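Descriptive structure summary
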Amino acid sequence: MSLYPDSRLNGEGLRLSYGERNVVENLSVGFPDGKITVIVGANACGKSTALRAFSRLMKPEGGVVTLDGKSIADRPSREVAKTLGLLPQSPIAPEGLSVRDLVARGRHPHQSWWKQWSDDDRIAVDAALEATGMIELAERDVDELSGGQRQRAWIAMAVAQETDLLLLDEPTTYLDIAHQLDVLDLVARLNRQHGRTIVMVLHDLNLAIRYADHIVAMRGGRLIVEGPPKEIITREFLAEVFGVAGEVVMDPIMGHPVVLPHSTIAR
Amino acid sequence: MRIRPRASVARAIAAAALVLLVVAVVAMSVGDRATNPAELVRALFGSGEENVVYAVREVRLPRVVLAVVVGAAFGIAGGISQGVLRNPLASPDVLGVSAGASVAAVGVMAIGALGGPIGLVPIPVAALVGGFGAAALIAALGFGAGFRGRSLLLVGIALSTALTGITQYLLTRMDVAGAQSAASWLTGSLNARGWDDAAPVLIGVAVVVPIVLILGHSARALIFEDDLTRNWGINGSAVRVALLACSVSLAALATSAGGPIGFVALVSGQVARRTARVADIPPILSGLIGAIIVLVADTASRTVFPVQLPVGVLTAIVGAPYLLYLLQRPRRGRGAL
């Protein structure tokens, strides 16, 4: 059934709508295992909505989301939560919540009301704090942290959930360029060193190109093109996906394409 | 540091339980005929001076138990609803449960005074029906709000204000003696109440506490938005509805037994959260704090002053300073607020 032989999470013919308004039409897409996939597209292209469907926050009107070959809607939600983690866009931490407590909350799917804290939880929380460089800040309150630190704390929470797949909705929103790189380097490390499959929505096309192994580009609720950035990022891509005229050049140091937008194309 | 994240809650619960025990011993020792600890223990087992045994077993013990269960019920109810609705103002008394109980109780007193069958309805029953009725009305009106956020709170406040208006009107139509006894009930009082009043609340607490413990693991996650908790496999709306039902039931039972004792439901959860230094409201700790507040207030109301004051007069005087102290306390490390 899989579109990619190595994709564990797939959407087949997805139709997603908010009430009467169709946002995504006939989307069939999968995410290569062990890779970083970035979904890109203009505002309101349906990319965040698609991510919601893949993390079962939204029920498709048509089509099916499958995880390991089985419909995600038919699987026990706790089992799914141990495989598939989600970090929503700009989540809010209540005041007085320490970083360690926040990260510990990520253990929720591994716990139950009669067994609320185990050695596994402690080890996973410490490992998540370590992996995200948050050990030093563990006892601080989340709402006292800077934007970049806060985002790392949230990622640590998602890491503590110990899922093979991690979905991130615009993890760099409201961050300056240095902190964007910082957060995305962390995400890349989780992928390379910890072998997690990453699917994220990013606004910034150049950052998407730089960090993605695989890009999924959407426009008007439909899949336009997908593939490795080096193969698909062209002037035509810019025009077709974003409605922008510009150049695509090679970054001589990083060795990946860079887009130079010049003007919007009147439609 | 390798600490269990919620060790502070366990410590605070142990400390609050100890404080409650000490206060309860003091409460059972003081009165017209003060007892020393040895006398108290003997009297509890039925030996010693006859009038001491009577005072301890028949007067003080039921009243202490009533104060503890009513306070615990208000404390748990307030902690739950504030946590579920993520709003420090969203206690059941603010949401209209107390106003519903009050209008029904005063209505029975006022109409009963005119004669007829309504006057035969016991006041606690009227209050219970009124409290649940108001809760049902809020639920119906707030259904569109998805049981969360400010809209439900606003619905509750609007309903509360309307019902309080009706209560005020009834008070103006009653004769002076009737109005005075109604006003005393409206303040919240444990005078001349005992086992019969405590039993229904005790049963309510005994039913709700296990539910709260079972749902607690999911309930603690409700401090986050539903996007996050749904990914964890939590049905946020179902947990919220179940917990709010527990909250209003406890509040209605407690109001029925002790009248609408003010401030306890509102303050206990906030004190609990800040004492344990956590981001959510631990319901059991909130219940213990409610019990301490009501027991201290009730004991003071019957011993410190020349006349027995209604307990509701004192709960705010007992609870408010501690909350104000906690609010003033500087933040340090993982401090609260």
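Anyway, here's the lowdown on the structure attached to this text.

Procedures and definitions
Along each chain, the written sequence defines residue order, and numbers are assigned to residues from 1. Chain letters and ligand numbers both follow the written order, the letters beginning at A and the numbers at 1. Side-chain atom pairs in this predicted model are given and counted only at pLDDT of 80 or more, local residue features only at pLDDT of at least 70, and totals for whole chains, interfaces and linings cover all residues. By this definition, two strands are paired if DSSP reports at least two bridges between them. Secondary structure is summarised from DSSP: a helix means a run of H or I of at least four residues, a strand means a run of E of at least two, and numbering begins at the N terminus for each. Each axis is a line fitted through C-alpha atoms, taken for helices only over the stretch in contact, and angles between the N-to-C directions span 0 to 180 degrees. Angles are sorted into four bins: roughly parallel if under 35 degrees, roughly antiparallel if over 145, roughly perpendicular if 65 to 115, and oblique for all others. Left-handed describes a crossing whose near helix is turned anticlockwise from the far helix through less than a right angle; right-handed describes the clockwise counterpart. Throughout, a residue-residue contact means that the two C-beta atoms, derived from backbone geometry, are no farther apart than 7 Å. Any residue outside Ala, Val, Leu, Ile, Met, Phe, Trp, Tyr, Cys, Pro, Asp, Glu, Lys and Arg is labelled polar, Gly included; the first ten of those are nonpolar and the last four are charged. By this rule the span expected of a helix is its residue count minus one, scaled by 1.5 Å. The seven residues ending at a residue and the seven starting there each receive a fitted axis; the angle between those axes is the bend at that residue. Put simply, a residue is buried when 20 or more other C-beta atoms lie within 10 Å of its own C-beta and exposed when 12 or fewer do; between those, it is partly exposed, and each C-beta is set from the backbone. Here, the term right-handed applies to a crossover whose path from the first strand over the helix to the second runs clockwise when the strands point away from the viewer.

What about the sheet that holds strand 3 (residues 36-41) of chain A?
Residues and elements named next belong to chain A. Across the sheet, six strands lie side by side as 6-7-8-3-9-10; this open sheet has mixed pairing. Bordering the open sheet on either side are strand 6 (84-87) and strand 10 (222-227), each of which pairs with just one other strand. Along the sheet, successive strands turn relative to each other by an average axial angle of 15°, direction set aside. Where strand 6 meets strand 7 (residues 165-169), four bridges bridge the pair, whose relative direction is parallel.

Re the packing of helix 3 (residues 50-84) of chain B against helix 12 (residues 264-276) of chain B
A pair of packed helices is captured by two measures, namely the crossing angle of their axes and the spacing between those axes. All names here are of chain B. In contact at an axis separation of 7 Å, helix 3 and helix 12 are set at 70° when each is read in the N-to-C sense. One finds that helix 3 runs roughly perpendicular with respect to helix 12. As for how helix 3 packs across helix 12, the hand of that crossing is right-handed. Contact with helix 3, carried on its side by Gly71, Phe74, Gly75, Ala77, Gly78, Gly79, Gln82 and Gly83, involves Val264, Ala265, Leu266, Ser268, Gly269 and Ala272 of helix 12 and no other residues of that element. A breakdown of the residues in the contact of helix 3 with helix 12 according to their chemical character gives six nonpolar, eight polar and no charged.

Some thoughts on helix 3 of chain B
All names here are of chain B. Over its 35 residues, helix 3 extends 49 Å from the first C-alpha to the last, a length consistent with the 51 Å expected when each residue adds 1.5 Å. Where helix 3 bends most, at arginine 60, the angle is about 40°, and the proline proline 62 comes one to four residues later. Remark: arginine 86 follows helix 3 within two positions and exhibits a positive phi of approximately 50°.

Considerations on the interface of chain A and chain B
Counting residues at the interface gives 30 residues for chain A and 23 residues for chain B. Secondary-structure elements contributing two or more residues to the side of chain A that touches chain B are helix 2 (77-83), strand 6 and helix 3 (99-105) of chain A. Tallied by class, residues from the side of chain A that touches chain B come to 13 nonpolar, nine polar and eight charged.

Side note on the pairing of strand 8 (residues 197-201) of chain A
Residues and elements named next belong to chain A. Counting buried positions along strand 8 gives five out of five residues, so the element sits mostly inside the fold. Where strand 3 and strand 8 come together, four bridges link them in parallel fashion. Across the sheet, valine 38 pairs through a bridge with methionine 200, a residue of strand 8. Taken together, the five bridges between strand 7 and strand 8 define a ladder with parallel strand orientation. Looking at the pairing, aspartate 169 lines up with valine 201 of strand 8. Handedness of the β-α-β unit built from strand 7, helix 6 (residues 177-194) and strand 8 comes out right-handed.

Observations regarding the environment of B:Val65
In this fold, B:Val65 is placed in helix 3. What makes B:Val65 buried here is the crowd of 20 C-beta atoms within 10 Å.

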